[in-house]
Amino acid sequence: MYKILKAEKLADKIFLMDVEAKRIAKSCQPGQFIIAKMDDKGERIPLTICDYNREAGTITIVFQIVGASTEKMAALQEGDSFRDFTGPLGQASEFVHEDLEILKKKKMLFVAGGVGTAPVYPQVKWLHQHGIAADVIMGSKTKDLLILEKEMKEVAGNLYVTTDDGSYERKGMVTEVMKDLVNNQGKKYDVCVAIGPMIMMKFVSLLTKELQIPTVVSLNPIMVDGTGMCGACRVTVGNEVKFACVDGPEFDGHLVNFDEAMKRQQMYKTAEGRAVLKLREGDTHHGGCGQCE
Ligand code: NAD
Ligand code: FES
């Protein structure tokens, strides 16, 4: 059992939990994820790690209510436990393995959209702890949905906050801020890391392609069981078929076929859609997630 040491509501339908998971906290890296399961019969919920404390042996997760399982999870309180908490899973962010001296010369830009701010935080924090100040753009629909602003301010080089409706700081989407920084403020970036809804990552990647900034995206949103079994996270990257939970979750944003991935994501939600995928793709589309009949 994995005890919840802290449970906090960050915004409407968005929750943060600190979970006691010593083994994961000892070895996890930014970019990786865990799978939480509330009970024996519960759904597996893959969540990108938001923070970790190696000394305290804790993992921080942030999640949004999107269905019955996450709604049930949001009702858990401090002192309650997860039945299973598996990880660290997936590949760590590429920069973790880079030569630190080379990395220090790079200008990095992070684009965090909505709940996607949670997986951006450990990456920016890791860089900060290694003496690298990255610029961060944080976007949310409205002021009330903005999360982890104070935490991000402490680890980012420059933090640019924007809201779609202009209720706080700038008005407009993250791509507007990017254009302003590069085209009007003379900012130059060697790498962009964009994490948020699929549609945001698609448009950030289109823009950075134009601006010639290599870009990494995290495809956590298309995962279902996170085990490499269900096939939900199948995605075309360049000419290759990849699975976000095994080969990723991070990929070259300029090579990801976002339109296909988003279409597949919609189809996977219904039994009929899954049947069509099975017909078209054969057994690679699933193999034991428990979601398919
Ligand atoms: P949201 O819809 O509020 O979008 C967040 C920001 O993204 C917006 O404020 C805007 O600046 C930008 N954005 C949205 N559409 C855009 C477009 N067409 N062009 C340019 N920018 C655009 O985000 P939300 O409701 O918090 O998002 C939840 C989503 O985030 C879910 O789909 C969830 O799966 C995903 N998520 C992703 C990860 C990940 O690892 N990639 C992690 C957690 C959550
Ligand atoms: Fe990757 Fe199921 S989420 S195969």
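Residues numbered from 1 in each chain as written. Chains lettered and ligands numbered in written order. Predicted model: local features only at pLDDT ≥ 70, side-chain atom pairs only at ≥ 80, totals over all residues. Heavy atoms only, no water.

Notes on the sheet that holds strand S9 (residues 108-113)
So the rule is basically this: The criterion for strand pairing is that DSSP finds at least two bridges linking the strands in question. Helical segments are the DSSP runs of H or I of at least four residues, strand segments are the runs of E of at least two, and each set is numbered from the N terminus. Residues are treated as being in contact if the distance between any of their heavy atoms lies within 4.5 Å. Axis geometry follows a simple rule: fit a line to the C-alpha atoms, using only the stretch in contact for helices, then measure angles between N-to-C directions, giving values from 0 to 180 degrees.
Here seven strands make up an open sheet; going across it, the order is S12-S11-S10-S9-S13-S14-S17 and the pairing mixed. Single-partner strands in this sheet number two, and they are strand S12 (170-171) and strand S17 (250-252). Taken together, the two bridges between strand S11 (residues 159-163) and S12 define a ladder with parallel strand orientation. Directly across from Thr163, in S12, lies its bridge partner Lys171. Helix-sheet contacts for helix H7 (residues 198-211) involve S9, strand S13 (191-195) and strand S14 (215-218), and the interaxial angle to S13 is about 165°.

Looking at the pairing of strand S6 (residues 58-64)
To be explicit about the condition: A 1.4 Å probe rolled over the protein chains alone gives each residue an accessible area, and that area as a share of the maximum for its type sets the label: buried under 20%, exposed over 50%, partly exposed in between.
Across the seven residues of S6, six count as buried, placing the element largely inside the fold. As paired elements, strand S2 (residues 14-20) and S6 share seven bridges and run antiparallel to each other. The residue of S6 that forms the bridge with Glu20 is Thr58. The sheet contact formed by strand S5 (residues 51-53) and S6 spans three bridges and is antiparallel. The residue of S6 that forms the bridge with Asp51 is Thr60.

So, unusual backbone geometry
Here the residue pair Gly87 and Pro88 is connected by a cis peptide bond, since its omega of -5° sits within 30 degrees of zero. Among the structural elements, Pro88 can be located in strand S8 (residues 84-89). Geometrically, the link from Gly248 to Pro249 is a cis peptide bond, its omega value of 15° lying close to zero. Following the sequence through the fold, Pro249 ends up in the loop between helix H8 (244-247) and S17. A positive phi angle, close to 60°, is found at Gln212, a residue other than glycine. Summarising the element assignment, Gln212 is placed in the loop between H7 and S14. Given a relative accessible area of 68%, Gln212 falls into the exposed group.

Quick word on the pattern of salt bridges
Here is the rule: Salt bridge, as applied in this entry: a Lys or Arg side-chain nitrogen positioned within 4 Å of an Asp or Glu carboxyl oxygen.
Applying the stated criterion across every chain, the model contains 18 salt bridges. Linking Lys22 and Glu20 is a salt bridge whose minimum nitrogen-to-oxygen distance equals 3.8 Å. Salt-bridge contacts for Lys202 lead to Asp259; the nearest nitrogen and oxygen are separated by 2.8 Å. With Lys202 in helix H7 and Asp259 in helix H9 (residues 258-268), this pair connects stretches of sequence that are 57 residues apart. Classification of Lys202 by relative accessible area gives buried; the value is 18%. Residue classification places Asp259 among the partly exposed residues on the basis of a relative accessible area of 45%. A single network of salt bridges, built from pairs that share partners, joins Asp40, Arg83 and Asp84.

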